[in-house]
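Observations on chain architecture
If you want the building blocks of each chain, they are given just below.
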Amino acid sequence: MKKQWWKESVVYQIYPRSFMDSNGDGIGDLQGIISKLDYLKKLGVDVVWLCPVYDSPNDDNGYDIRHYQQIMDEFGTMADWEELLEGLHERGMKLIMDLVVNHTSDEHAWFVEAQKSMDNGYRDYYIWRPGKNGEEPSNWMSYFRGSAWQHQPETDEYYLHLFSKKQPDLNWENERVRKEVYQMMTWWLDKGIDGFRMDVINLISKDQRFPDAEETGDSLYHWGGKYFVNGPKVHEYLQEMNREVLSKYDIMTVGECLDVSPEEAVNYVAEDRNELNMVFHFELMNVGSGPLGKWDIIPWKLTDFKRVMHKWQQTLKDRGWNSLYLNNHDQPRMVSRFGNDDRYRIESAKLLGTLLHTLKGTPYIYQGEEIGMTNVNFASIEDYRDIETLNMFHEYTQSGHQHDLLMQSIYERSRDNARTPMHWNQREHAGFTTGTPWIQLNPNYTAINVEEALSDPNSVFYYYQKLIQLRKEHPIIVYGDYELLHEEDEQIYAYTRSLEQEMLIVVLNFSEQEAEFMLNENIKYSDSQLLIHNYEIQDKGISKPFTLKPFEARVYKLLT
Ligand code: NOJ
């Protein structure tokens, strides 16, 4: 397997609105991030992924871009952004930017023009269709609920928006659109950035017939993914983008891909395909969701979780490279979801971190994960800010769903769980802002915060620091082959990584009960060393069976 810097890196994701506010307006900003660069350096991460900081009316917190080459006023100026890039590079870290080109804002100059008339030169930058029998051109549902089509009275046509109606989809069939996007990407790369995270990139090509989706459930609109997920020309476009732009720079790329299977992912990331380096898939994020989607919460089993991970590790083996994440700005906090955010918060945050950093792939840490931040339960729907959460709540309320049940699913799944401000210290607003925060804080910041973590040698922070350090010291963590042990075990996730004469044994007790572990007899070794563990233990050997405490994690290195 070819060595690459992005395989050896650990990425840290920043959601700027919630990271650090420098000017007291209650909104995180670029100077706020700059003031925390030494903190990131101390953690040891190699790359920062910055969620969108471009000019935006913020219908979807920056994922609705009004101007691709300007910085959002609330976040600062281009000079601030340049200072940030320089600050990262000076400290030996890299910067990747969010590339949101499936759609723009409806306030983008292209769309402002496009909607003026049918023969406007920009009309074809977006996707317009006449209605069908006085209704939308198709029955597609938007990801944020309701129809994916918006009627425009001036021209009596509809435009497509797979997300909110303020996020019209770009028409990638139009060569001029593609050229504009490539020019814009080149402009950022020439400013010195180190790559892109590409927003919903596998949706950019749509079946031009725009057929109706199959009807499921009693909603008016339906899931049309078949006609735009991994659409007909997506690979053609990505290969063109690679040829025209990406291949000219030493950068990393990761494409967010909805509903992608590992087999399909290979088509995006195989080296000889010349498209992307990695994708973010959602299969693991769907564990614990029922047939009705993310708000349909069902119990999950460790064997389901392992099956997904295993499938991705196996399928991409030698054929591509995995990205590894357990939460981000769109997902609940991992410790609340896959661990225990109460009695075993610290242990389970460390256990999940161990998984993230010892599977094969590039780990992505989401801000606050490194101190074990948790989900939040706001008292009222009024306290929520996320468009997806609010749209779901209002639609389901109208159709008669019970308020308490809706709030319960919001507590478990809302994107705002991850978007509450970062906890820096135990002072007012956790040191995030001197003003009024744009969204409330999680009240547990008095106990869970960076200052506290930095003063406690047993904190999640220092454990993450060590995990990141181990990756640099042991190439086996990056390049070793993965194999699953004890596949059917419902408590323990255990696997090996192997490279030449070395083997790692990773043993993770995902349960609140003790669990017994015994190394498979066929694994022979001459020497063993315990690399990292999250409990004080006396007997550090692996030769005898041992009992793992709740959420205990151990990583051994063997010489075989
Ligand atoms: C995925 C982003 O991560 C999410 O935050 C956003 O709402 C959608 N794409 C639309 O851009």
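The shown structure was predicted, so the numbers you read here are calculated from the model rather than taken from an experiment. (Residues numbered from 1 in each chain as written. Predicted model: local features only at pLDDT ≥ 70, side-chain atom pairs only at ≥ 80, totals over all residues. Heavy atoms only, no water.)

The next subject is empty space enclosed by the protein. For the structure on display, the rule yields six cavities of 30 Å³ or more. If you go around the largest cavity, the residues you meet are H281, L284, M309, W312, N322, S323, L324 and Y325. For the lining of the largest cavity, the secondary structure elements donating two or more residues are helix 9 (302–316) and strand 14 (323–324). When grouped by side-chain class, the residues that make up the lining of the largest cavity number five nonpolar, three polar and no charged. (1 Å grid on protein atoms, 1.4 Å probe; cavity = no way out; pocket = protein on both sides within 12 Å on 5 of 7 lines; lining within 4 Å. Points joined across faces, edges and corners; volume = space filled by probe spheres on them. Helix = DSSP H or I, 4+ residues; strand = E, 2+ residues; numbered from the N terminus. Nonpolar A, V, L, I, M, F, W, Y, C, P; charged D, E, K, R; others polar.)

This brings us to the environment of L95. Residue position: L95 is located in strand 5 (residues 94–99). With a relative accessible area of 0%, L95 lands in the buried category. Taking the C-alpha atoms as reference points, L95 and F196, separated by 101 residues in sequence, lie 8.6 Å from one another. If we skip the residues at most four places from it in the chain, L95 touches V48, L50, W81, L85, L88, H89, I193, D194 and G195. (Buried < 20%, exposed > 50% of the residue type's maximum accessible area, 1.4 Å probe, protein only. Contact = heavy atoms within 4.5 Å.)

With that settled, consider the pattern of salt bridges. As enumerated under the stated definition, the model contains 37 salt bridges in all. A salt bridge links E451 to R427; the shortest N-O distance between them is 3.7 Å. You can see E451 sitting in helix 14 (residues 450–454) and its partner R427 sitting in the loop between helix 13 (403–413) and helix 14, a full 24 residues away along the chain. Through salt bridges that share partners, D60, K294, D330, D386, E388, R415 and R419 make up one connected network. (Salt bridge = Lys/Arg side-chain N within 4 Å of Asp/Glu carboxyl O.)

Quick look at the side chain of H429 now. Assignment of secondary structure puts H429 in the loop between helix 13 and helix 14. Among the polar contacts listed, one links the side chain of H429 to the backbone oxygen of G435, at a separation of 3.1 Å. Ignoring any residue separated from it by four or fewer positions in sequence, one finds H429 in contact with G435, P437, L441 and Y445. (Polar contact = N/O pair within 3.5 Å; in protein donor to acceptor, adjacent residues only side chain to side chain.)

Here the focus is the site of the ligand. Around the ligand, 13 residues are found, and the nearest of them are D60, H103, D199, H329 and D330. Contact between the ligand and D60: an oxygen atom at 2.5 Å from a side-chain N or O atom of the residue. In the model, an oxygen atom of the ligand is placed 3.0 Å from a nitrogen or oxygen of the H103 side chain. Partitioned by chemical class, the residues of the shell around the ligand number four nonpolar, two polar and seven charged. (Near = heavy atom within 4 Å.)

There is about 480 Å³ of room inside the second largest pocket. For the second largest pocket, the lining is made up of 23 residues, of which Q4, W6, E271, L276 and N277 are closest to its centre. Residues that form the lining of the second largest pocket fall into these classes: nine nonpolar, seven polar and seven charged.

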